[in-house]
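Residue-level structure breakdown
If you want the building blocks of each chain, they are given just below.
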Amino acid sequence: LRVDWPSGSGGSALSDAVSALKRALGRSPCAAACEQGPGTAALPEDVICKVHLKSFMEQQGLVGYDPNLDVLVVTEGKLRSLAELQQAVLQCTVSNPAALPASCFPDIGSCCSIVHVVSCEEEFQQQQLDLLWKILDPGAHTALQKHLVCGPVKVTNPSSPIGADQYFQLRKRQMYKASVMKYGELAQDEAWTEVIDTLTVAAIRFEMLSTAHRSQITLDLEDSSISTKGTKSGAFVMYNCARLATLFDTYQQAVERGTYPPLLPASELNFSCLREEGEWLLLFNYLLPFPEVLQQAAQLPPPSKGIRITANTEIVCKFLIQLSMDFSSYYNRVHVLGEPLPHLFDQMFARLRLLGAVRDMFHSALATLHLPPLSQI
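About the cut-offs
- Residues numbered from 1 in each chain as written.
- Predicted model: local features only at pLDDT ≥ 70, side-chain atom pairs only at ≥ 80, totals over all residues.
- Heavy atoms only, no water.
- Buried < 20%, exposed > 50% of the residue type's maximum accessible area, 1.4 Å probe, protein only.
- Core = buried A, V, L, I, M, F, W, Y, C linked by side-chain atoms within 4.5 Å.
- Helix = DSSP H or I, 4+ residues; strand = E, 2+ residues; numbered from the N terminus.
- Salt bridge = Lys/Arg side-chain N within 4 Å of Asp/Glu carboxyl O.
- Pairing = 2+ DSSP bridges.
- Contact = heavy atoms within 4.5 Å.
- Axes fitted to C-alpha atoms, helices over the stretch in contact; angles between N-to-C directions.
- Expected span 1.5 Å × (residues − 1).
- Phe/Tyr/Trp six-rings, centres within 6.5 Å; stacked < 30°, edge-to-face > 60°.
- Left-handed = near helix turned anticlockwise from the far one by under 90°.
- Nonpolar A, V, L, I, M, F, W, Y, C, P; charged D, E, K, R; others polar.

The name an unreviewed UniProt entry assigns to the protein is DALR anticodon-binding domain-containing protein 3, from the organism Aptenodytes forsteri.

Digging into unusual backbone geometry
Most peptide bonds adopt trans geometry, and most residues besides glycine take a negative phi value. Positioned with a positive phi, H370 is a non-glycine residue whose angle comes to about 55°. In this structure H370 comes out as exposed when scored by relative accessible area, which is 66%.

Quick word on the nonpolar core
Of all hydrophobic cores here, the largest spans 63 residues; its most connected members are L282, L320, L323 and L355. Elements that contribute at least two residues to this core include exactly helix 5 (164-183), helix 6 (190-209), strand 7 (217-219), helix 7 (234-257), helix 8 (277-287), helix 9 (290-298), helix 10 (313-333) and helix 11 (345-368).

Observations regarding the pattern of salt bridges
Counting across every chain of the model gives 8 salt bridges. Across the pair D130 and K134 runs a salt bridge, and its minimum N-O distance is 3.1 Å. With a gap of 4 residues between them, D130 and K134 both fall in helix 4 (residues 123-136), about one helical turn apart. Like D130, the residue K134 is buried in the burial classification. Here R351 ties to E279 by a salt bridge, and the two come within 2.7 Å at their closest N and O atoms. Separated by 72 residues along the polypeptide, R351 in helix 11 and E279 in helix 8 bring together distant segments of the chain. With a relative accessible area of 9%, R351 lands in the buried category.

Examining the sheet that holds strand 3 (residues 71-75)
Taking strand neighbours across the sheet as the criterion, the 3 strands line up as 1-2-3 in an open arrangement whose pairing is antiparallel. The sheet terminates laterally at strand 1 (31-32) and strand 3, the two strands that pair on one side only. Pairing of strand 1 with strand 2 (residues 47-52) involves 2 bridges; the strand directions are antiparallel. By the bridge assignment, A32 is partnered in strand 2 with K50. Docked against the sheet, helix 3 (residues 76-90) engages strand 2 and strand 3, running at close to 85° with respect to strand 3.

Comments concerning helix 5
Along its 20 residues, helix 5 runs 28 Å from first to last C-alpha, staying within 8% of the 28 Å computed at 1.5 Å per residue. Buried residues of helix 5: Y167, F168, L170, R171, Q174, M175, A178 and S179, and no others. Tucked into the core, helix 5 has its buried residues touching helix 6, strand 7 and helix 7. Just beyond helix 5, the residue with positive phi is G184, at close to 85°.

Concerning the packing of aromatic side chains
Across all of its chains, the model carries 8 aromatic pairs by this definition. Between Y260 and F345, the aromatic rings sit 6.2 Å apart at their centres with planes inclined by 85°, giving edge-to-face as the arrangement. Residue Y260 is found in the loop between helix 7 and helix 8, and its partner F345 is found in helix 11; the two are separated by 85 residues along the sequence. For the pair formed by Y260 and F345, the shared burial category is buried.

Observations regarding the packing of helix 2 (residues 53-60) against helix 4
Interhelical geometry of helix 2 versus helix 4 gives an angle of 65° and a closest axis separation of 11 Å. Between helix 2 and helix 4 lies a crossing of left-handed hand. Of helix 4, the residues touching helix 2 (which contributes L53, F56 and M57) are Q128, L131, L132, K134 and I135. For the contact of helix 2 with helix 4, the residue count by class is 6 nonpolar, 1 polar and 1 charged.

Have a look at this one:
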């Protein structure tokens, strides 16, 4: 899916980080040796000690954690996971260091917000790791840990368990088949491969992100569940984005041939020519409220006492799907590039400016889902 997850490096750096965490464990008042009573099962070889999480939470006044968190048996594996998290934070890049407060230097990691993206089944274990990190590395950045909990992903009638890679390849084959049905046999060239890949990623992202992340997602893996025509899909959104690109390419080519004059600046246009209901719908239902939509969807809530956060990706998905439906309806009904007659240019220019703003909005909204706009299908 082309998601770059932060990751720590391996090798000696990781081993050194694990050793440093072991030393911190030895100094921690929350840590105690694991005593093995008579008749109890032997402890695994990689057990180091136990840590009292509940007493630490009470001392620190921490809220929002699972009330069943109590004593954690610390193993080599847990310390290794923690060391990888630490390294990922240290590798965070800052786009504008000059804007950071002086307190962030030299430790850039202290200005990171750490979001644990975790399934509901693994939330308890991730909270253990969060608290262990707070105990062993009481730096500023560990106070900024938050948890984004995802609901389960279920598959209808799976013939066998399916992994992420198999799921992607299945959707890619389905997208290719659906595209052949719509556009005829496709050339096996790089351009088409890239288009199919992008459409597949879009289909999957909309399939996943159109549902609130806390809810269960049920995946239908049948061929009929993927379509280039379905108005609820990522492919439909990408198709309408490409229609806009084609419109402006066609216009530009006509300008170069001398068929149309170049587009005038917005300040010189007569927007009273826009009398179609669909034009005002695009303005009032989409262009004007778009900044508010982005704010609702993309802005994580400010630090609060709880540890859970919400990311409203479904707001952007629903906005893009509804926009695509209304734009498609308008575009099918209205002939934007009319006859090259001077008395028709005012209206054509006003429409092009409006649709240029719609195109930019498509691109911005897709960028929040890390999807590139398609210039052609």
